[in-house]
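Residue strings, one per chain:
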Amino acid sequence: MKLRGFIPFGVGLLVALGGGWFAVPRAMYRRTEQPIQFSHKTHTSEKVGMSCQDCHSLSADGKFSGIPRLETCAPCHTEPQGKSAEEKRLVDEYVSKNREIPWLVYARQPENVYFSHAPHIKLAGIKCERCHGPHGSTGRLRSYEQNRISTYARDVEGYSLVKLNAADWQQGMKMNDCSHCHQQRGVQESCLTCHK
Amino acid sequence: MATEQKPKSRFGMVIDLDRCNGCGACAAACAVENNVPPAHPTATDRTGLTWMRVYRADNRRPFPDNRSVYFPVSCQHCGNHTPCMAVCPQNAVDINPETGVVSQIPVRCLGCRYCMAACPFHARYFNWFDPKWPHEMENALNPDVSVRMRGVVEKCNFCHSRWQAAVARAAANGNHDIDPADYVPACVEACPEKAMTFGNLDDPKSEVARQSKAPIVFRLLARLNTDPKVYYRSDRDWVRRLGDTDVAQGESEVSRG
């Protein structure tokens, strides 16, 4: 008798939990597609043969170039080289109109945070993958997810709710995540280290 | 982070009061560099904002013996029992272990203003109003300094964004230490009289360290023993004596609560 009551309760609980587990992140984050389906795989393949530094480089004054501007793409894409519709759109909508592509930055930190690539990649030699995951070898761009309430990017807040089996970058890049690595590596920090 | 440890370097400055002519270029350069908004129409001396305030004081003698002096006063970056840090219930104030700079993190600040009451130098300011810039000026904001909101306290941090840029420049060239010439706050740079000398007080080779040891150099309210990192310099005895009184109560255009 007792068991008969428990089974529907258990099933109901599982459905609610599972549904919540599945639905909450979806409801919490607004998804937006990138303006152009850019493929890192194509461009770093043997055929095109570009390296990360061709598009993302550190200049001597300490600034990281970030996402390359249209002038980096234009020399190769004034005319479509292949048959892909996406490339045609790139040429028609951006290159020929000389309009910058409004990329969405997955890793974008809030305005009050100061981050600089120079100490991390040049002095500490940390690999891009540690913080960005395998983005540099992907063939398709995932949608950009933004928290509807905090407006923070999903890559900042992290993908794993329970932190099980998650790669370091999937844990996100919140204040704690930055500090955790700094503590492990003995970096002295205070509020003004990362805030501006 | 409220622990007091000895920072790796101690940045500070010496201000030569015999050179300062009170022009206010330091205050203007500071406001532009640090996105301090223009005064709200209803702001008063007490409710306005500035990270660098120029006080006028005089020797209280009648004409023709009357002489005046200008004191540019910013956060003094106290290194000993830093009063604002001690009272902050939010941990929004700490001392940077690299530079000795006293921070103020507006996003953490809850606006209780204990720090303003604790600060002996009246160097902290509260945002009584929403910051507003004339439309065209909004595009000219400095992207390296975040804009504050109404309800939080702010103050000078020796142009910390310039320190961050200097660290990044050094790092890009494979260096851990910055080139001292690469880190100069906006006020020091702007002073037409070259009255301000900035640098690492712990570096015996630096000009600022040398100057700070001169006998005619003094600090404001030295008796409080808060070890400020801003030094003043004057040949005139009566000016040096003013350092022991509350400048804000000197005869000045300024009265703050």
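Residues numbered from 1 in each chain as written. Chains lettered and ligands numbered in written order. Predicted model: local features only at pLDDT ≥ 70, side-chain atom pairs only at ≥ 80, totals over all residues. Heavy atoms only, no water.

Colleague: What is the right way to read the overall build of chain B from this model?
Modeller: What chain B contains, in helices and strands, is 7 helices and 8 strands. Rg of the C-alpha trace for chain B: 18 Å, near the compact-globule value of 18 Å for 257 residues, within the 12% margin. For chain B, the C-alpha atoms occupy an extent of roughly 55 × 45 × 35 Å along the three principal directions. Split into buried and exposed, the 257 residues of chain B put 52% on the buried side. Within chain B, counting contacts between residues at least 6 apart in sequence, those at least 24 apart form 68% of the total. About 12,200 Å² of surface is accessible on chain B, with carbon and sulfur atoms providing 51% of the total. (Helix = DSSP H or I, 4+ residues; strand = E, 2+ residues; numbered from the N terminus. Rg over C-alpha atoms; globule rule 2.2 N^0.38 Å. Buried < 20%, exposed > 50% of the residue type's maximum accessible area, 1.4 Å probe, protein only. Contact = heavy atoms within 4.5 Å. Areas by Shrake-Rupley, 256 points an atom, 1.4 Å probe, with all protein chains shown as cover.)

Colleague: What is the right way to look at the sheet that holds strand S8 (residues 230–233) of chain B in this model?
Modeller: Adjacent strands of a sheet form backbone hydrogen bonds with each other and so pair up, either parallel or antiparallel. All names here are of chain B. As summarised here, the arrangement of the 4 strands in space is S6-S1-S8-S7, forming an open sheet in which the pairing is mixed. The open sheet terminates on both sides in strands that have one partner only, identified here as strand S6 (196–200) and strand S7 (217–218). Relative to S8, strand S1 (residues 11–16) is paired through 4 bridges, and the arrangement is parallel. Along S8, the bridge assignment pairs Asp16 with Arg233. (Pairing = 2+ DSSP bridges.)

Colleague: Explanation requested: the interface of chain B and chain A in the structure shown.
Modeller: On the chain A side, the residues contacting the 29 residues of chain B number 22 residues. Buried surface at the junction of chain B and chain A, summed over both partners, amounts to about 2,100 Å²; 61% is from carbon and sulfur atoms. Sorting the residues of chain B by area buried against chain A places Ser146(B), Gln164(B) and Ala172(B) first, and these three jointly supply 23% of that buried surface. Seen at the junction of chain B and chain A, the total is 0 salt bridges. Taken together, the connections running from chain B to chain A amount to 9 residue pairs in polar contact (both at pLDDT 80 or more). (Buried area = accessible area lost by both parts, 1.4 Å probe. Salt bridge = Lys/Arg side-chain N within 4 Å of Asp/Glu carboxyl O. Polar contact = N/O pair within 3.5 Å; in protein donor to acceptor, adjacent residues only side chain to side chain.)

Colleague: Where do I start with the packing of aromatic side chains in this structure?
Modeller: Any two aromatic rings considered together are summarised by their centre-to-centre distance and by the angle between their planes. All names here are of chain B. Under the counting rule described, the total for this entry stands at 13 aromatic pairs over all chains. Look at Phe71 and Tyr232: their rings are 5.7 Å apart centre to centre, the planes differ by 55°, and that puts the pair in the tilted class. With Phe71 in strand S3 (residues 68–73) and Tyr232 in strand S8, this residue pair connects regions lying 161 residues apart in the sequence. Of the two residues, Phe71 and Tyr232, neither departs from the other in class, the shared state being buried. (Phe/Tyr/Trp six-rings, centres within 6.5 Å; stacked < 30°, edge-to-face > 60°.)

Colleague: Would you mind going over the layout of surface pockets with me for this structure?
Modeller: Empty space among the atoms becomes apparent when a probe as large as a water molecule is rolled across them. Here the second largest pocket is characterised by a volume of approximately 1,200 Å³. For the second largest pocket, the lining is made up of 42 residues, of which Pro119(A), Val187(A), Gln188(A), Glu98(B) and Val167(B) are closest to its centre. Counting only elements with at least two residues in the lining of the second largest pocket, the list comes to helix H6 (117–123), helix H7 (128–132), helix H9 (175–184) and helix H10 (191–194) of chain A together with helix H4 (160–172) of chain B. Sort the elements by how many residues they give to the lining of the second largest pocket and H4(B) lands first, with 6 residues. Of the residues in the lining of the second largest pocket, the class split is 21 nonpolar, 14 polar and 7 charged. (1 Å grid on protein atoms, 1.4 Å probe; cavity = no way out; pocket = protein on both sides within 12 Å on 5 of 7 lines; lining within 4 Å. Points joined across faces, edges and corners; volume = space filled by probe spheres on them. Nonpolar A, V, L, I, M, F, W, Y, C, P; charged D, E, K, R; others polar.)

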